[in-house]
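# What the coordinates show
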Amino acid sequence: MTRGLPFVYEEFRDDIQIVTERLVDKIDPPRFYPLVGPAQLHHCHWKCTIYYRETVQSSYPFPVKVVKNRVQVVYIDKDHLHLFVGPNPQTQNEVTRDLAGY
């Protein structure tokens, strides 16, 4: 948003609606990462679409008001590691209990 001068140039955004859509959610097979150890890479990719009404108005030198419906799209990639301790569920629960403290 541009910074405006009151009564000379003002810009507003109203009726904001954000729609999220998960594009990719997958986990790679376990491998060894230095300084981490055995882990799995979890890929999360999102598409966020923002719908809003943009209002631009001015009162100087003559009054004018322009209202437009706008759409913007933002892509978010969040990749993170999951600790891999083995395929045994009991071992996974024990490690989770040790790391989380419960």
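Let me sum up the structure you'll find in this document. (Residues numbered from 1 in each chain as written. Predicted model: local features only at pLDDT ≥ 70, side-chain atom pairs only at ≥ 80, totals over all residues. Heavy atoms only, no water.)

### Observations concerning the overall build of the chain
- A count of helical and extended segments in the chain gives 1 helix and 4 strands.
- Along its sequence from the N terminus, the chain presents helices and strands in the succession β-β-β-β-α.
- Here the C-alpha atoms of the chain give a radius of gyration of 24 Å, more than 25% beyond the 13 Å that 2.2 N^0.38 yields for 102 residues.
- Dimensions of the chain, computed from the C-alpha atoms along their principal axes, are close to 75 × 25 × 25 Å.
- Put simply, the chain has 102 residues, and 19% of those count as buried.
- A separation threshold of at least 6 residues defines the contact pool for the chain, and within that pool the share at least 24 residues apart is 58%.
- Surface accessibility of the chain: about 8,200 Å² in total, with carbon and sulfur atoms responsible for 57%. (Helix = DSSP H or I, 4+ residues; strand = E, 2+ residues; numbered from the N terminus. Rg over C-alpha atoms; globule rule 2.2 N^0.38 Å. Buried < 20%, exposed > 50% of the residue type's maximum accessible area, 1.4 Å probe, protein only. Contact = heavy atoms within 4.5 Å. Areas by Shrake-Rupley, 256 points an atom, 1.4 Å probe, with all protein chains shown as cover.)

### Looking at the environment of P6
- Within the secondary structure, P6 sits in the segment before β1 (10–27).
- Each C-alpha atom, one on P6 and one on P63, is 13 Å from the other, the two residues being 57 residues apart in sequence.

### Things to note about the packing of aromatic side chains
- Enumeration according to the criterion identifies 0 aromatic pairs in this entry.
- Above the ring of Y33, the side-chain terminus of R31 is found at 4.5 Å from the ring centroid. (Phe/Tyr/Trp six-rings, centres within 6.5 Å; stacked < 30°, edge-to-face > 60°. Lys NZ or Arg CZ within 6 Å of the ring centre and 35° of its normal.)

### Considerations on helix α1 (residues 89–100)
- Taking 1.5 Å of rise per residue, 12 residues should cover 16 Å, and α1 covers 16 Å from first to last C-alpha, within 8% of that figure.
- Taking the backbone nitrogen of Q90 as reference, a side-chain oxygen 3.2 Å away marks N88 as the first, capping residue of α1.
- Following α1 by one or two positions, G101 adopts a phi angle in the positive range, close to 85 degrees. (Expected span 1.5 Å × (residues − 1). Polar contact = N/O pair within 3.5 Å; in protein donor to acceptor, adjacent residues only side chain to side chain.)

### Comments concerning the pairing of strand β3 (residues 37–58)
- Of all 22 residues that make up β3, 16 are buried, and the element is covered over most of its length.
- In terms of strand pairing, β1 meets β3 through 15 bridges, oriented antiparallel. Bridge pairing links I27 to H42 in β3.
- Judged from the 3 bridges that link them, strand β2 (residues 31–33) and β3 form a sheet pairing that is antiparallel. Residue Y33 lies in a different strand from β3, and its bridge partner there is G37.
- Here β2 folds back onto β3, and the loop between the two strands holds 3 residues, one of which, L35, carries a positive phi near 70 degrees. (Pairing = 2+ DSSP bridges.)

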